[in-house]
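Chain and residue survey
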There are 2 protein chains.
Amino acid sequence: MKKILLGHGSGGRLTHDLIKNLFLKNLRNAYLSNLDDSAILRIGNQEVVFTTDSYVVNPLFFPGGDIGKLSICGTVNDLSVCGAEPLYIAVSVIMEEGLDMALLGRVVSSIKKAAHNAGVKIVTGDTKVVEKGMCDKLFITTSGIGVKSRKTNLSLDRVKKGDRIIVSGAIGEHGVCILSSREGLNITSRVRSDCASVNSLVAGILKAGGIVKFMRDPTRGGLATTLNEFVDGRRFGIVLDEERIPVSSGVKGICELLGFDPLYMANEGRVVMIVSKKGADKVLKMMRRHPQARGAHIIGECVGDYKGKVCLNTSAGGLRLVKMLEGEQLPRIC
Amino acid sequence: MKKILLGHGSGGRLTHDLIKNLFLKNLRNAYLSNLDDSAILRIGNQEVVFTTDSYVVNPLFFPGGDIGKLSICGTVNDLSVCGAEPLYIAVSVIMEEGLDMALLGRVVSSIKKAAHNAGVKIVTGDTKVVEKGMCDKLFITTSGIGVKSRKTNLSLDRVKKGDRIIVSGAIGEHGVCILSSREGLNITSRVRSDCASVNSLVAGILKAGGIVKFMRDPTRGGLATTLNEFVDGRRFGIVLDEERIPVSSGVKGICELLGFDPLYMANEGRVVMIVSKKGADKVLKMMRRHPQARGAHIIGECVGDYKGKVCLNTSAGGLRLVKMLEGEQLPRIC
């Protein structure tokens, strides 16, 4: 592969290959090698979690959010799923010459509101401007710092056969929302993005203690890609029950119409976690009490067979392999 | 102003106005209000410095550096001039579809080398791809974390009449290098960018103790803009001696030819500091022992007159006001 393809930004297989073969190969160290969205650093007497993400979503505004809200929620969520309390955010914007100042104002207002809602502070930033035609309106990069309690031990090393997979709500809503908002697609759709900060939800669940073993936010590449990251190189596999995976009728309809699979559509306000078999019902009850997770479901379990693989018990009664996203499903989803 | 102009990215007056009137107005908090490049956070028993910058430099490669080296040095320098030891860097890249993979490889190698030289670790990152024509090849956003000793007290509040201004070397080399490297300009120039990490230089100087009162790296907007930031709203002014300001013959020549002023040209490996009158010679000697600061000079002093202003004793014998950069001198310098 001699050129960067859109698929290198998909969050799926090509992104993983690019990071492994180019970035990791050059920059290898103990922090980077886990290929995670965040790094856990020891600073003084604290475990500090550090993360960064660039946002290039198109369109800038969509039902349920905009690039400003997305950039805050995304970084808050990357910190939260590591078990950290998100505290401080840095915001760097790259703007195209001629960008409407009122539009920028709406985005900054949205950043303000999202930061307020998540209880994080924007503490530093940067602004750059490039000539007209040299970027698409507005890109935002957010970086975040959170602090992790040493009591919280979220690790895939703790996963056992029989552990349950729980997702906090219906999947694919952000992806389908962006798809149907995109210029040129004439779909009348009521699907809103699930874009939200999950820190209050996660903090509540972590009170359940050690029965929660690991969690992530299934963004680019969707639930399928995140679960494949869970099992990659591990001594367990995951078997999902298609009938239990929550998918709204709106998402189902548009995916069927356009030939997309909700398992690969991005989420921006969902959490997927591995919980001990014993504790799964307790965690599910706790989650459903939270307004963001009323639609939570136990969707599958960890198994000793199919090591390193994700399989799906289909509604039709078959068992199919669910791979990581290959190529690009939908560019600039976030 | 209804639209974003290139000048909003200059680092000068328009950038300050945009940040004050839009970003700060919405996001105001104690960290942001000092309008600094970095935030100083208290985490556990440590003072942690946090910074972010996006890099959109054009061209990507230039004599003395490239966007990769620049993105690491810039973030290392923002942390260093706050008195912090730079430790961890997050790198987020936005790439244009079709970007040459070998070119990307050269940039990543350069990131590796710059991080190694500065003794910092790249601990996390992100990659995004946008469609061809939707960004100009490659933008990089770096964020950094450093730790500050509580003994180091760098503050403009400590500045007094008679304090000296020291610059670590010849000014304007990065700006002139980019200017003369830019496509379409047929200047044969031997000016190399001064792009470098200043953390070892700064750490050495800080051993001088309390006689060093404040320092910054004069990047976008040049020395003139940085010194104006020093005096902004303060009860002191700065008077510079034009004859003492180090400017290489290459920079002088190109600036004269094209009508630019070296005082406004960006630097990417220089430090300008305020030092007590008594300690100035000691600091100057310490600096000149460091390979990066052999060309250091005392270039002026803080005065009780001209409060909030920067003035220049010109070679011709006059005194002229040196304002912050107005408008845009050269887009995409960093």
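Just so we're clear, the structure is a prediction, and the values are computed from it rather than from any experiment. (Residues numbered from 1 in each chain as written. Chains lettered and ligands numbered in written order. Predicted model: local features only at pLDDT ≥ 70, side-chain atom pairs only at ≥ 80, totals over all residues. Heavy atoms only, no water.)

We now examine the overall build of chain A. Across its full length, chain A holds eight helices and 14 strands. Whereas a compact globule of 334 residues would reach a radius of gyration of roughly 20 Å, chain A reaches 19 Å, a difference of no more than 12%. Expressed as a percentage of its 334 residues, the buried residues of chain A come to 62%. When contacts within chain A are restricted to residue pairs at least 6 apart in sequence, those whose partners lie at least 24 apart make up 82%. Total accessible area computed for chain A in this model is approximately 13100 Å², and 48% of it derives from carbon and sulfur atoms. For chain A, the distance from the average position of its 46 positive side-chain charges to the average position of its 33 negative side-chain charges is 7 Å. (Helix = DSSP H or I, 4+ residues; strand = E, 2+ residues; numbered from the N terminus. Rg over C-alpha atoms; globule rule 2.2 N^0.38 Å. Buried < 20%, exposed > 50% of the residue type's maximum accessible area, 1.4 Å probe, protein only. Contact = heavy atoms within 4.5 Å. Areas by Shrake-Rupley, 256 points an atom, 1.4 Å probe, with all protein chains shown as cover. Lys, Arg positive; Asp, Glu negative; His and termini not counted. Charge placed at Lys NZ, Arg CZ, Asp CG, Glu CD.)

The subject of this paragraph is the sheet that holds strand 12 (residues 297-303) of chain A. Residue and element names in this part refer to chain A. Taken together, the seven strands give an open sheet; going across it, the order is 9-11-8-12-10-13-14, and neighbouring strands pair in mixed fashion. Two strands close off the open sheet at either side, each with one partner strand: strand 9 (212-216) and strand 14 (319-321). For this sheet, the mean angle separating the axes of adjacent strands, direction not counted, is 25 degrees. Two elements, strand 8 (residues 164-167) and strand 12, share four bridges in a ladder whose sense is antiparallel. By the bridge assignment, Ile166 is partnered in strand 12 with Ile298. (Pairing = 2+ DSSP bridges. Axes fitted to C-alpha atoms, helices over the stretch in contact; angles between N-to-C directions.)

A few words now on the packing of aromatic side chains. The full count for this structure, using the stated rule, is six aromatic pairs over all chains. Judged by centre distance (5.5 Å) and plane angle (70 degrees), the ring pair of Tyr31 of chain A and Tyr88 of chain B falls under edge-to-face. Of this pair, Tyr31 of chain A sits in the loop between helix 1 (13-27) and strand 1 (38-43) while Tyr88 of chain B sits in strand 5 (residues 84-96), on two different chains. Overall, Tyr31 of chain A belongs to the partly exposed group, its relative accessible area being 23%. Between Arg106 of chain B and the ring centre of Phe61 of chain B, over which it is positioned, the NZ or CZ distance is 3.9 Å. The ring of Tyr55 of chain A is capped by Lys128 of chain B, whose NZ or CZ atom sits 5.1 Å from the centre of that ring. (Phe/Tyr/Trp six-rings, centres within 6.5 Å; stacked < 30°, edge-to-face > 60°. Lys NZ or Arg CZ within 6 Å of the ring centre and 35° of its normal.)

Further remarks concern the pairing of strand 11 (residues 272-275) of chain A. Residue and element names in this part refer to chain A. Residues of strand 11 alternate between two faces, with Val272 and Ile274 on one and Met273 and Val275 on the opposite face, all of them buried. Note: strand 8 against strand 11, four bridges, orientation antiparallel. Looking at the pairing, Ile165 lines up with Ile274 of strand 11. Both strand 9 and strand 11 contribute to a ladder of four bridges, which runs antiparallel. Paired with Val212 across the strands is Val275, a residue of strand 11.

Residue and element names in this part refer to chain A. Domain assignment breaks chain A into domain 1 (36-148) and domain 2 (156-322). The gap between the C-alpha centroids of domain 1 and domain 2 is 24 Å. The interface of domain 1 with domain 2 comprises 20 residues on the first partner and 21 residues on the second. Our count for the contact surface shared by domain 1 and domain 2 stands at one salt bridge. A salt bridge links Asp36 to Arg216; the shortest N-O distance between them is 2.4 Å. Summed over the shared surface of domain 1 and domain 2, the number is nine residue pairs in polar contact (both at pLDDT 80 or more). With eight residues, helix 2 (residues 67-80) is the single largest residue contributor to the side of domain 1 that touches domain 2. Residue classes in the side of domain 1 that touches domain 2 are distributed as eleven nonpolar, six polar and three charged. (Domains from an automatic or database assignment. Salt bridge = Lys/Arg side-chain N within 4 Å of Asp/Glu carboxyl O. Polar contact = N/O pair within 3.5 Å; in protein donor to acceptor, adjacent residues only side chain to side chain. Nonpolar A, V, L, I, M, F, W, Y, C, P; charged D, E, K, R; others polar.)

What follows is about empty space enclosed by the protein. Within the structure shown, the criterion is met by three cavities of 30 Å³ or more. Size it by volume and the largest cavity reaches roughly 160 Å³. Residue lining of the largest cavity: 19 residues in total, with Ser10, Arg220, Glu328, Leu330 and Ile333 of chain B positioned closest to the centre. Residues belonging to the lining of the largest cavity are distributed by class as follows: eleven nonpolar, four polar and four charged. If you add up the space inside the second largest cavity, you get close to 120 Å³. Forming the walls of the second largest cavity are 17 residues, and the residues nearest its centre are Ser10, Arg220, Glu328, Leu330 and Ile333 of chain A. (1 Å grid on protein atoms, 1.4 Å probe; cavity = no way out; pocket = protein on both sides within 12 Å on 5 of 7 lines; lining within 4 Å. Points joined across faces, edges and corners; volume = space filled by probe spheres on them.)

In this section: the interface of chain A and chain B. With 80 residues of chain A in contact, the opposing surface of chain B contributes 80 residues. Carbon and sulfur atoms make up 68% of the surface buried where chain A meets chain B, a total of about 7000 Å² over both sides. Taken as a group, Ile4, Phe50 and Met101 of chain A account for 10% of the area that chain A buries against chain B, more than any other trio of residues on that side. At the junction of chain A and chain B, the tally comes to 29 residue pairs in polar contact (both at pLDDT 80 or more). Sorting the residues of the side of chain A that touches chain B by element identifies helix 1, strand 1, strand 2 (46-55), strand 5 (84-96), helix 3 (101-118), strand 6 (121-130) and strand 7 (138-148) of chain A as the ones contributing at least two each. Looking at the side of chain A that touches chain B residue by residue, the classes come out as 40 nonpolar, 23 polar and 17 charged. (Buried area = accessible area lost by both parts, 1.4 Å probe.)

Another point: the environment of Val123 of chain B. Considering the arrangement of structural elements, one finds Val123 of chain B in strand 6 (residues 121-130). For the pair Val123 of chain B and Ser92 of chain B, spaced 31 residues apart in sequence, the C-alpha separation works out to 11 Å.

The calculated volume of the second largest pocket comes to roughly 1100 Å³. If you go around the second largest pocket, you meet 45 residues; those closest to its centre are Asn34, Leu35, Asp36, Asp37 and Glu229 of chain B. The set of elements that each furnish at least two residues to the lining of the second largest pocket consists of strand 5 and strand 6 of chain A together with helix 1 (13-27), strand 2 (46-55), helix 2 (67-80), strand 9 (212-216) and helix 6 (222-231) of chain B. With seven residues, helix 1 of chain B is the single largest residue contributor to the lining of the second largest pocket. Looking at side-chain class alone, the lining of the second largest pocket contains 17 nonpolar, 13 polar and 15 charged residues.

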